[in-house]
Amino acid sequence: MLHMARSLDGPIPDALPSEFVVRAVQGGVEDEARVDLHREVWHPSRVTLEAYRRLRTISGYRSDLDLVTVAPSGEFAAYCICWFDPGSVSGEFEPVGTRGAFRRRGAGRAVMLEGLRRLQALGARTAIVYSVEANTASTGLYQSVGFRPVGRDLTYAKKV
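Residues numbered from 1 in each chain as written. Predicted model: local features only at pLDDT ≥ 70, side-chain atom pairs only at ≥ 80, totals over all residues. Heavy atoms only, no water.

Trainee: Sorry if this is basic, but what is going on with the overall build of the chain here?
Mentor: Scanning the chain from N- to C-terminus turns up 4 helices and 7 strands. Each helix and strand of the chain, placed in order from N terminus to C terminus, yields the pattern β-β-α-α-β-β-β-α-β-α-β. For 160 residues, the compact-globule formula gives about 15 Å, and the C-alpha radius of gyration of the chain, at 16 Å, lands near that figure. Principal-axis analysis of the C-alpha atoms gives the chain an extent of 45 × 45 × 35 Å. Going through the 160 residues of the chain one by one, you find that 42% of them count as buried. Carbon and sulfur atoms form 53% of the exposed surface of the chain, whose accessible area is close to 8800 Å². (Helix = DSSP H or I, 4+ residues; strand = E, 2+ residues; numbered from the N terminus. Rg over C-alpha atoms; globule rule 2.2 N^0.38 Å. Buried < 20%, exposed > 50% of the residue type's maximum accessible area, 1.4 Å probe, protein only. Areas by Shrake-Rupley, 256 points an atom, 1.4 Å probe, with all protein chains shown as cover.)

Below is the structure:
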């Protein structure tokens, strides 16, 4: 896993493609659409509607940090959940995903930049995200919004 971090001390650019809107998920009303997006992005995924609804009740979850990029059709194009830790004045992105049809169109970048702005407004000084290092698409997305590698988790295995 590649550990990436970004300072939130400076300005965060606007980069919303004109056809998209970034906003928080409307809990209850849009839960199914949000789960469908997650399941498509992470296929095969075991996330269920019930699991997502449980997630929305845990300590630390903030509905204003559960974000989606919405296409003109109303379809969710990308999403992320940001987690804010006031103790360390930091935020974490987990998970982040973009629907295949919307990749390389700015939807993922837009939702992450909005997440960074919201974390900054809450007082966060740093944001972190993790990526499988071999996943060059996610690493490229994270670098495009200012994240830089700060560490790695290496797994060593021996076949027996």
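Still to come is the rest of the account.
Trainee: Where do I start with a nonpolar patch on the surface in this structure?
Mentor: The grouping of Met1, Tyr130 and Val132 at the surface amounts to a nonpolar patch, some 260 Å² of accessible area in total. Tracing the chain through its elements places tyrosine 130 in strand E6 (residues 126-131). Looking at tyrosine 130, the relative accessible area reads 31%, which means it is partly exposed. (Patch = residues over 30% accessible without salt bridge, like charges linked within 9 Å, V, L, I, M, F, W, Y side chains within 5 Å. Salt bridge = Lys/Arg side-chain N within 4 Å of Asp/Glu carboxyl O.)

Trainee: In this structure, what is going on with the state of the cysteines? I would like to understand it.
Mentor: Disulfides are covalent bonds that connect the sulfur atoms of two cysteines. All told, the structure shown has 0 disulfides when counted by the stated rule. Cysteine 82 provides the cysteine sulfur closest to cysteine 80, a residue in no disulfide bond, and the two sulfurs are 4.1 Å apart. A relative accessible area of 1% means that cysteine 82 is categorised as buried. (Disulfide = S-S within 2.5 Å.)

Trainee: Just to check I follow, could you spell out the pattern of salt bridges for this structure?
Mentor: When the charged atoms of two side chains with opposite charge come close together, those side chains can pair. Per the stated rule, a full pass over the model turns up 12 salt bridges. A salt bridge links glutamate 114 to arginine 118, with the shortest nitrogen-to-oxygen separation between them at 2.8 Å. Taken together, the residues span about one helical turn, with glutamate 114 and arginine 118 both in helix H3 (residues 107-121) at a distance of 4 residues. Classification of arginine 118 by relative accessible area gives partly exposed; the value is 23%. Through salt bridges with shared partners, one network takes in Asp14, Glu114, Arg117 and Arg118.

Trainee: Looking at this structure, how should I read the side chain of serine 138?
Mentor: Structurally, the position occupied by serine 138 is in helix H4 (residues 136-144). Setting aside chain neighbours within four positions, we find serine 138 in contact with Ser131 and Val132. (Contact = heavy atoms within 4.5 Å.)

Trainee: How do you make sense of the nonpolar core when you look at a structure like this?
Mentor: It is characteristic of soluble globular proteins that their nonpolar side chains tend to be buried jointly. With 31 residues, the main nonpolar core has Phe93, Met112, Leu116, Leu119, Tyr142 and Phe147 as its most contacted residues. Residue contacts for phenylalanine 93: discarding those within four places in its chain leaves Cys80, Ile81, Cys82, Met112, Gly115, Leu116, Leu119, Ala127, Ile128, Val129 and Phe147. Grouped together as the second largest cluster of nonpolar side chains are 13 residues, Leu49, Val70, Tyr79 and Ile81 included. (Core = buried A, V, L, I, M, F, W, Y, C linked by side-chain atoms within 4.5 Å.)

Trainee: In this structure, what is going on with H4? I would like to understand it.
Mentor: Residues three or four positions apart in an α-helix share a direction because the helix packs 3.6 residues into each turn. Every buried residue belonging to H4 is among Ser138, Thr139, Leu141 and Tyr142, and all of these are buried. Taken end-on, H4 shows its buried residues confined to a sector of 160°, consistent with a single buried face. Facing away from the buried side of H4 by over 90 degrees, the exposed positions are Thr136 and Ala137. Contacts from the buried residues of H4 go to strand E1 (2-7), strand E5 (90-98), H3 and E6. (Arc of directions from axis to C-beta.)

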